[in-house]
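Here is what each chain is made of, one letter per residue.
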Amino acid sequence: CPADSCSADSWDGCNSDYGDYIVDMNTFVEAYWQGMENNLERQCEAMKEICGDSNYCMYQNGMDECVDEEDADGDDEVAKAQAEFDALEYMECQEYRFENNNNNNNNQQQYDEYGNEIEYFIGPFCADQGGAINLALFTDDTCSAFVSDGDELFETNAGFPLPFSEDSMIP
């Protein structure tokens, strides 16, 4: 927008010779996360040249994300499930099936009052104030019907909190 013809008083900021760039939320979030993953991959490669196969060196240099999950210590099923949760899979509304990693649900699938298995979906949404993009649990494949107490239901059934349900996916 040319500085000599812009007006903050105008509803659109400029009257002519300008361009608007609009992308849907899913496209933006996916592009952002792909860029972040590519950046992390480059950082990990550089750090592996310094550390070699030493997980200790990676941890000491704040590069926990670079340690392969199969190389990490522990056999905790919940920790493994949490590590395997890939937020990129849910940039668009996707079905989520609880793997029954947590015994709080007695390893039973949930059913509605008619005996039908309840399907759950995870997808992004804009927070009320518009300044954050979070993930939530939904009951429909368009991710428009929020699950009542979805954060609690997810944590009870998955054994860990739903990533990005409180903190924005985009800092």
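Refer to the structure printed above.
Enquirer: I'd like to hear about the pattern of salt bridges, residue by residue, with values.
Expert: Opposite charge on two side chains lets them pair, provided their charged atoms get close. The final tally for this structure, using the stated rule, is 2 salt bridges. For R97, the salt bridge goes to E95, with nearest N and O atoms at 3.8 Å. Residue E95 is classed as partly exposed on the basis of its relative accessible area of 35%. Using a relative accessible area of 45% as the deciding quantity, one classes R97 as partly exposed.

Enquirer: How would you summarise the pairing of strand β3 (residues 133-138) if you had to cite specific residues and measurements?
Expert: With 6 of 6 residues buried, β3 lies mostly within the body of the structure. Residues I133, L135 and L137 line one face of β3 and the alternating positions N134, A136 and F138 line the opposite face, and both faces are buried. Bridge count for strand β2 (residues 120-126) against β3 is 6 bridges, and the pairing is antiparallel. Residue pairing across strands places F121 opposite F138, the latter belonging to β3. Hairpin connection of β2 to β3: 6 residues between the antiparallel strands, including G130 at a positive phi of 85 degrees.

Enquirer: Could you give an account of the side chain of D140, naming the residues involved and the relevant values?
Expert: Of note, D140 is situated in the loop between β3 and α4 (150-158). Put simply, D140 is tucked away with no salt bridge, and the nearest opposite charge, on R97, sits 15 Å away. At 2.6 Å, the side chain of D140 and the side chain of S144 are in polar contact. When neighbours within four sequence positions are excluded, D140 is seen to be in contact with C93, F121 and A145.

Enquirer: A description of the nonpolar core should follow, citing residues and the corresponding values.
Expert: Ranked by size, the top nonpolar core spans 23 residues in total, and within it F85, Y96, I122 and F154 carry the most contacts. Those elements that provide at least two residues to this core are α1 (25-51), β2, β3 and α4. In contact with I122, other than residues within four places in its own chain, are F85, Y90, E92, C93, Q94, Y96, L135, A136, L137, C143, F154 and L162. With 8 residues, the next largest nonpolar core counts M47, C51, C57 and M58 among its residues.

Enquirer: So what about the packing of aromatic side chains? Which residues, and what values?
Expert: Tallied over the full model, the rule gives 14 aromatic pairs. Ring plane angle 80 degrees and centroid distance 6.2 Å describe the contact between F85 and F154, whose orientation is recorded as edge-to-face. In this pair, F85 is assigned in the loop between α3 (77-84) and β1 (94-96) and F154 in helix α4, connecting sequence segments 69 residues apart. Just as F85 is buried, F154 falls in that class too. Measuring from centroid to centroid gives 5.7 Å for F98 and Y120, while their planes differ by 70 degrees, and the two rings are edge-to-face.

Enquirer: Give me the sheet that holds β2: which residues, what numbers.
Expert: Reading across the sheet, the 3 strands line up as β1-β2-β3 and stay open at both edges, with antiparallel pairing between neighbours. Lying at the two open borders of the sheet, with one neighbouring strand each, are β1 and β3. In this sheet, neighbouring strand axes are inclined to one another by 40 degrees on average, regardless of whether the strands run parallel or antiparallel. Against the sheet, α1 engages β2 and β3, with an angle of about 90 degrees to β2.

Parameters and conventions
- Residues numbered from 1 in each chain as written.
- Predicted model: local features only at pLDDT ≥ 70, side-chain atom pairs only at ≥ 80, totals over all residues.
- Heavy atoms only, no water.
- Salt bridge = Lys/Arg side-chain N within 4 Å of Asp/Glu carboxyl O.
- Buried < 20%, exposed > 50% of the residue type's maximum accessible area, 1.4 Å probe, protein only.
- Helix = DSSP H or I, 4+ residues; strand = E, 2+ residues; numbered from the N terminus.
- Pairing = 2+ DSSP bridges.
- Lys, Arg positive; Asp, Glu negative; His and termini not counted.
- Polar contact = N/O pair within 3.5 Å; in protein donor to acceptor, adjacent residues only side chain to side chain.
- Contact = heavy atoms within 4.5 Å.
- Core = buried A, V, L, I, M, F, W, Y, C linked by side-chain atoms within 4.5 Å.
- Phe/Tyr/Trp six-rings, centres within 6.5 Å; stacked < 30°, edge-to-face > 60°.
- Axes fitted to C-alpha atoms, helices over the stretch in contact; angles between N-to-C directions.

Interpretation note: all reported values are geometric properties and have no functional meaning in isolation.
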